[in-house]
Amino acid sequence: MDAIELLLTRQSDSNLSFPGPNESQLEIIKKAALKVPDHGGLAPWKFIVVNEDARDKLGEIYYNAAVEEQQNERTVSRAKELPHRAPMLIIAISPHQEHPKVPRVEQIESAACACFAMQQAAFAQHLSGVWRTGYFAQSPAVKRELGLNEKDEIVGYLYLGTPTVQCTKPVRHEPNTFFTEL
Ligand SMILES: Cc1cc2nc3c(=O)[nH]c(=O)nc-3n(C[C@H](O)[C@H](O)[C@H](O)COP(=O)(O)O)c2cc1C
């Protein structure tokens, strides 16, 4: 796939199955994450790869957090299963660091670029993914159990695998709706 095709056709897929990224595909995904814009060269990123075998562990973390933080029954009952929606997840994090010139938001933006770059790198290799957040990205208990500080930002859970349904999403937006000229 060439770069323009990637940029114009990338899409998310929620229905993901095996195979997930193999070793060499994962290496490319990791390298893509580290190639994003980064004000001040702070490298404001941290990534946790959740392999097939570690998904139960993440599910336990989710479940325990949901119970501890008194989430509703639906959240608690789904918690253990959520990581099983793909063969692999990568958690993209922006670790909190004070900097006189690079505000927090810019550090988070860079980590968000990394999350997107990983999704693109997967798509370019005929895999797919979906970027998710929600309660488990905000939960202090989840952050604690992942070894993060409360001010660290979980920018996204990137679910990665092979789409189970081959469907090309239609183009939803036209440039003229969003681009004007000064
Ligand atoms: C920061 C961020 C968080 C998101 N969180 C969720 C989520 O929790 N659940 C979800 O279904 N989609 C979430 N999405 C949207 C999907 O990742 C995806 O972009 C959307 O389904 C549109 O699909 P497309 O990428 O093919 O256009 C999120 C997107 C972003 C950028």
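Refer to the structure above for everything that follows.
Throughout what follows, the structure given in this document is the object of discussion. (Residues numbered from 1 in each chain as written. Predicted model: local features only at pLDDT ≥ 70, side-chain atom pairs only at ≥ 80, totals over all residues. Heavy atoms only, no water.)

Near the ligand you find R10, Q11, S12, V130, W131, R132, T133, K169 and R172, and these make up its full shell. Between the ligand and R10, the relevant distance is 3.1 Å, taken from an oxygen atom to a side-chain nitrogen or oxygen of the residue. In this structure, an oxygen atom belonging to the ligand sits 2.7 Å away from a main-chain N or O atom of W131. Contact with the protein chains covers 57% of the free accessible surface of the ligand, which is 610 Å². Its residues placed into classes, the shell around the ligand shows 2 nonpolar, 3 polar and 4 charged. (Near = heavy atom within 4 Å. Polar contact = N/O pair within 3.5 Å; in protein donor to acceptor, adjacent residues only side chain to side chain. Areas by Shrake-Rupley, 256 points an atom, 1.4 Å probe, with all protein chains shown as cover. Nonpolar A, V, L, I, M, F, W, Y, C, P; charged D, E, K, R; others polar.)

Counting 24 residues, the largest nonpolar core has V142, L146, I154 and Y157 as its most contacted members. Listed by contribution, the elements that provide at least two residues to this core are α3 (55-68), β3 (88-94), α6 (135-138), α7 (140-145) and β5 (153-163). The biggest single contributor to this core is α3, with 5 residues. In contact with V142, not counting residues within four places along its chain, are I61, Y62, A65, F136, I154 and Y157. By size, the runner-up hydrophobic cluster in this structure holds 19 residues, among which are V36, A92, C115 and L160. (Core = buried A, V, L, I, M, F, W, Y, C linked by side-chain atoms within 4.5 Å. Buried < 20%, exposed > 50% of the residue type's maximum accessible area, 1.4 Å probe, protein only. Helix = DSSP H or I, 4+ residues; strand = E, 2+ residues; numbered from the N terminus. Contact = heavy atoms within 4.5 Å.)

In the structure shown here, the tally under the stated rule is 3 aromatic pairs. Judged by centre distance (4.1 Å) and plane angle (20°), the rings of Y62 and F136 are stacked. With Y62 in helix α3 and F136 in helix α6, the pair connects residues that are 74 residues apart, well separated along the chain. The class of F136 is buried, set by a relative accessible area of 6%. Seen from their ring centres, Y62 and Y157 are 5.6 Å apart, and the 90° between their planes marks the pair as edge-to-face. With a gap of 95 residues between them, Y62 in helix α3 and Y157 in strand β5 connect regions that are remote in the sequence. (Phe/Tyr/Trp six-rings, centres within 6.5 Å; stacked < 30°, edge-to-face > 60°.)

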